[in-house]
Amino acid sequence: MSLERITEQMRSRVGTSANLRKSVKFDFGDDGVVRIDDTVSPAVVDNQDLPVDCTVKVSMSDFTDMATGKQNPQMAFMMGKLKIEGDMSVALQLGSILG
């Protein structure tokens, strides 16, 4: 799955609000980032690498596996495939965005 497709899918799921009231960034390393800023209305979903409340570091392939249900996010975290920096409470609310 491409960065553009992931961004569009997240934009569609977030709509005008992700109900986070925070900002989060999915950092795919060399593949880029997807940032969700739900501190503004309507929420912004883009590919800018700006400071956020929570950063989720994950490979694009592992992210795709989690988004499609092939990989459990909690197991990925415990296996070190998913790293959280910043406000962990934001990461715990991401289920509605990931599907």
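Look up a bit, the structure's there.
Bear in mind the structure is a predicted one, so any value in this text is a computation, not a measurement.

### A closer look at the packing of aromatic side chains
Next up, step 1: Summed over the entire model, instances satisfying the criterion amount to two aromatic pairs.
Next up, step 2: Ring plane angle 70° and centroid distance 5.2 Å describe the contact between Phe28 and Phe63, whose orientation is recorded as edge-to-face. Taken as a pair, Phe28 in the loop between strand S1 (23-27) and strand S2 (33-37) and Phe63 in helix H2 (residues 60-67) lie far apart in primary sequence, 35 residues in all.
Next up, step 3: Look at Phe28 and you get buried, because its relative accessible area is 4%.
Next up, step 4: Taken together, Phe26, Phe28 and Phe63 form an aromatic cluster joined through their ring pairs.

### As for the environment of Leu98
Next up, step 1: Following the sequence through the fold, Leu98 ends up in helix H5 (residues 95-98).
Next up, step 2: Placed 29 residues apart in sequence, Leu98 and Gly69 show a C-alpha to C-alpha distance of 9.3 Å.
Next up, step 3: Discounting residues that sit within four places of it in the chain, Leu98 has contacts with Arg13, Phe26, Phe63 and Ala67.

### With respect to the pattern of salt bridges
Next up, step 1: Applying the stated criterion to the full structure yields six salt bridges.
Next up, step 2: Linking Glu8 and Arg11 is a salt bridge whose minimum nitrogen-to-oxygen distance equals 2.4 Å. Remark: Arg11 and Glu8 occur in helix H1 (residues 3-14); sequence separation between them is three residues, near one turn of the helix.
Next up, step 3: Residue classification places Glu8 among the partly exposed residues on the basis of a relative accessible area of 45%.
Next up, step 4: Given the relative accessible area of 34%, Arg11 is considered partly exposed.
Next up, step 5: A salt bridge links Asp49 to Lys25; its shortest N-O distance comes to 2.6 Å. Of this pair, Asp49 sits in the loop between strand S3 (44-46) and strand S4 (54-58) while Lys25 sits in strand S1, and the two are 24 residues apart along the sequence.
Next up, step 6: Taking relative accessible area as the criterion, Asp49 reaches 56% and is therefore assigned exposed.
Next up, step 7: Salt bridges linked by common partners bring Arg35, Asp37 and Asp46 together as one network.

Definitions and cut-offs
Residues numbered from 1 in each chain as written. Predicted model: local features only at pLDDT ≥ 70, side-chain atom pairs only at ≥ 80, totals over all residues. Heavy atoms only, no water. Phe/Tyr/Trp six-rings, centres within 6.5 Å; stacked < 30°, edge-to-face > 60°. Helix = DSSP H or I, 4+ residues; strand = E, 2+ residues; numbered from the N terminus. Buried < 20%, exposed > 50% of the residue type's maximum accessible area, 1.4 Å probe, protein only. Contact = heavy atoms within 4.5 Å. Salt bridge = Lys/Arg side-chain N within 4 Å of Asp/Glu carboxyl O.

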